[in-house]
Amino acid sequence: MKINRLCALTIMAVVLCACNKEQKFTYNVDKFYDLEILRYEVPGFDELTLQQKELVYYLSEAALQGRDILFDQNGRYNLRIRRALEALYLNYPYEKNTEEFILFEKYLKRVWFSNGIYHHYSEDKFLPEFTQEWFVNACAQANVQYDAAILPVMFDPAVMPKRTTQQDGVDLVLNSAGNYYGEGVTQAEAEAWYDAHKDTTDEPLWIGLNSQLCKDSTGAIYERVYKIGGLYGAALEKVNFWLEKALTVAENDNQREVIAHLIELNRSGDLRSFNAYCIAWVKDLQSRVDFVNGFTETYSDPLGITGTWESLVNFKDMEATRRTEIISDNAQWFEDHSTTNPIYKKEEVKGVSAKVITAAILAGDCYPATPIGINLPNANWIRKSYGSKSVTIDNLVSAYNEAAKGNGFNEEFMIDDDIRALYDKYGARCGDLHTDLHECVGHGSGKLMPGVSKDALKEHASTIEEARADLFALYFLADDKLVELGLLPDKEAYKAAYYQQMMNGLMTQLVRIEPGKDIEEAHMRNRQLIAAWVYDHCENNEMEIIERDNKHYLQINDYPGVRRVVGDMLAEIQRITSEGDYDAAKQLVEMYAVKVEPNLHKEILERYAVLNLAPYKGFVNPVYTPVIGKNGAIKDVQIDYTEGYIEQHLRYSRDYSNLPDIN
Ligand code: ZN
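*Asks:* Help me understand helix 20 (residues 522-537) in this model?
*Replies:* Note: α-helices contain 3.6 residues per turn, so residues at a spacing of three or four share the same orientation. For helix 20, which comprises 16 residues, the first-to-last C-alpha distance of 22 Å matches the rise-based estimate of 22 Å (1.5 Å per residue) to within 8%. Along helix 20, 13 of the 16 residues are buried, which leaves the element largely enclosed by surrounding structure. The N-cap residue of helix 20 is Glu521: its side-chain oxygen and the backbone nitrogen of His523 are 2.8 Å apart.

Structure below.
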């Protein structure tokens, strides 16, 4: 698995903020199961030039055209299931306020949220709460045709139960329902194919990034490439149609080059175009509007090779970008002053660019659930030679903060008024800075020892890498340097972040785990790894968990002491990374990151249930509508925020349904 990737940083990290802005905008849209749907504002859109607005519009269309690709990557039955559900939803001939229809609607909303039938986070299959009999009968009444093969996939818990498994000792490919490999391909066959085709040149092609490995009738493995005329060609053709339009209003030559390489990649599937696209993209620091579109992150492939389709269109938030520029300007200072062994430090930290962006559209694997920060590209050799771009998506963070105001979470879980007051005052700012430090300097810090492969930590690579970036951020949040740089107002502020992060890692993130389950997702493992390791190594009672009225609370007695332990852990995690010490990584992850203490877990779930909150959030997108002038040209692009969750998905399924049921 690759180490530098888009970070779905915790949305639990931003719970409340002390923002005084008058709330006119309606952030809360819908709520079902463990999910809440929010709306995000796109401040500054109206101030863009007409050309920039047009560019946003065309890139947004290019983003939405890829929607079906993700459904199919998430499981080969997903498109058939989604279409059957939508047809039934639209054609159901009876009263829609019955108990069963309401359960059906909830299930459909969840399928949209997950881009398929697997929970977007746990990756477990979720089952309908209505019966198969009800569904079969209702489809018959509504005259909805469907492939009977979807029934066991939807209703039988034993059939394809997990989207991506990372379970030890099983065939990861055969036991993952994700559609990154054709039927019958084994892990050993896929790994052998990747090994045989691996590009070992200095500027390697990311073989397997944009293809599905399949087995032919003789048992030979072959590649189906994602390209026009190949797998997902019908959707990529539409994507290219809009990219061609975007090309005509690009802001500069560099951006034109980015778009042109992407068009060529979609056309030919040639990975040399992917490299050229990444390099041009990372060099484009001038454009106000920017975007990601294509096969990008590799979390969902059990072997971490093939990219999941996503798109994000955004533009620079000028004011907030200054904050991250200060951090990236001081990247070398942070590298030199971290607690890591000097032999693991980079002599020269370069190419860390940083900006704060405003998301304009979310699509593919960024929608409806979304990251709040991005660090790309993922190819290490490009990062080394050309640098990387790190962004924080500020308008999404604001939406989380605003929507969570006064929800009672901190009142329940934080130990006293003092820490709540500190958190209200500094929590949002510390959250922003944590993300900035994590993305702008955390991932980019440190180096591998000669001969150490970037794949050395294998299945634990992403947990360890996220821990490394988080620890780097945590360590420096408590540094006087941030006050000196004007990023934090005083030397107490960091305590808000320390308390929140440790509380989250030790206790409150468990609200996302079902009773009896282990922690599997890399970011969650990372957060528990840090909090539990630090807790274990606080030998002088720097922090403790106390019990009061049968409830457990985190109490931090010595913040500088906790910071010292954070520094120790950063040094060790950097050593593991630099040395490629797989055994140590495995031991740490197994000891601290995976298992959950059942009694504490039960208590947290009970306390959380009383609050009636949804642990996961996602968004509806705004709607962009071009205004056409008398000459037939676009004279403005209008933004509208009124579309609801169901309406949006039905419209997307109607207007952007580009792929056949079976691909
Ligand atoms: Zn990260």
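*Asks:* Where do I start with the nonpolar core in this structure?
*Replies:* Within soluble globular proteins, side chains that are nonpolar generally end up buried alongside one another. Core analysis: the biggest nonpolar cluster contains 137 residues, and Leu88, Phe135 and Tyr624 have the highest contact counts within it. With 75 residues, the next largest nonpolar core counts Val349, Tyr423, Phe472 and Met507 among its residues.

*Asks:* Honestly, the pairing of strand 4 (residues 221-225) in this entry has me stumped. Any pointers?
*Replies:* Regular strands show a simple pattern: their side chains alternate between the two faces of the sheet. In this sheet, strand 4 lies alongside strand 3 (residues 211-215) in antiparallel orientation, the contact comprising 5 bridges. Residue Lys215 lies in a different strand from strand 4, and its bridge partner there is Ile221. Between strand 3 and strand 4, which pair antiparallel and follow one another directly, the connecting turn spans 5 residues, one of which, Gly219, has a positive phi of 90°.

*Asks:* I'm lost on the pairing of strand 6 (residues 308-316) in this one. Help?
*Replies:* Among the 9 residues of strand 6, 9 are classified as buried, and the element is accordingly described as predominantly covered. Along strand 6, one buried face is formed by Thr308, Glu310, Leu312, Asn314 and Lys316 and the opposite face, lined by Trp309, Ser311, Val313 and Phe315, is buried too. Summarising the sheet, strand 5 (residues 289-297) and strand 6 pair through 8 bridges and their orientation is antiparallel. Each bridged residue has a counterpart across the sheet, and for Asp290 the counterpart in strand 6 is Asn314.

*Asks:* What is the right way to read the side chain of Ser176 from this model?
*Replies:* In this fold, Ser176 is placed in the loop between helix 6 (150-155) and helix 7 (187-197). Ser176 gets classed as buried once you look at its relative accessible area, which sits at 8%. The contact partners of Ser176, leaving out residues within four places of it in the chain, are Lys162, Arg163, Thr164, Thr165 and Pro302.

*Asks:* What is the right way to look at the side chain of Asn252 in this model?
*Replies:* Structurally, Asn252 is set in the loop between helix 8 (233-248) and helix 9 (253-268). Of the polar contacts made by the side chain of Asn252, one reaches the backbone nitrogen of Gln255; its length is 2.7 Å. In this structure Asn252 touches Asp284, Gln286 and Ser287, once residues within four positions along its chain are discounted.

*Asks:* I would appreciate a short explanation of the pattern of salt bridges in the present structure.
*Replies:* It is possible for side chains bearing opposite charge to pair when their charged atoms get close. For the coordinates displayed, the defined rule picks out 42 salt bridges. Asp30 is the partner of Lys109 in a salt bridge, and the nearest nitrogen-oxygen pair spans 2.8 Å. One end of the pair, Lys109, is in helix 4 (residues 99-114); the other, Asp30, is in strand 1 (residues 28-32), and 79 residues separate them in sequence. Connected through shared salt-bridge partners, Asp68, Arg82, Arg83, Glu86 and Asp661 make up one network.

*Asks:* What is the right way to look at unusual backbone geometry in this model?
*Replies:* With an omega dihedral of -5°, the bond running from Tyr367 to Pro368 counts as a cis peptide bond. With respect to the helices, strands and loops of the structure, Pro368 is situated in the loop between strand 7 (352-364) and strand 8 (373-376). Note that the residue after Leu376, namely Pro377, is joined by a cis bond; omega there is 0°. The backbone of Glu123 sits at a positive phi, close to 70°, despite the residue not being glycine. As for its placement among the helices and strands, Glu123 is situated in the loop between helix 4 and helix 5 (132-142). Using a relative accessible area of 15% as the deciding quantity, one classes Glu123 as buried. The phi dihedral of Asp549 falls on the positive side, at around 50°, and the residue is not glycine. Locating Asp549 in the fold gives a position in the loop between strand 10 (543-548) and strand 11 (551-556). You can call Asp549 exposed: its relative accessible area is 71%.

About the thresholds
The residue numbers shown here count from 1 along each chain, following its written sequence. Reporting in this predicted model follows two pLDDT cut-offs: at least 70 for local features of residues, and 80 or more for side-chain atom pairs to be given and counted; totals over whole chains, interfaces and linings ignore these cut-offs and use all residues. Water and hydrogen atoms were dropped before computing side-chain values, which therefore reflect all heavy atoms in the structure. Here a strand is any run of E in DSSP of at least two residues, a helix any run of H or I of at least four, and the numbering for each starts at the N terminus. To estimate the expected span of a helix, subtract one from its residue number and multiply by 1.5 Å. The classification of residues rests on relative accessible area computed with a 1.4 Å probe and restricted to protein chains. Under 20% of the type maximum is buried, over 50% is exposed, and intermediate values are partly exposed. Whenever a nitrogen or oxygen atom comes within 3.5 Å of another N or O atom, the pair is scored as a polar contact, on the condition that within protein one atom can donate a hydrogen and the other can accept it, and that pairs from neighbouring residues in sequence are kept only if both atoms are in side chains. Definition used in this section: a nonpolar core is a set of buried Ala, Val, Leu, Ile, Met, Phe, Trp, Tyr and Cys residues joined via side-chain atoms within 4.5 Å. Pairing between two strands requires that DSSP report at least two bridges joining them. Residue contacts are defined here by distance: any two heavy atoms, one from each residue, within 4.5 Å place the two residues in contact. Between Lys or Arg on one side and Asp or Glu on the other, a salt bridge is scored when a side-chain nitrogen of the former is within 4 Å of a carboxyl oxygen of the latter.

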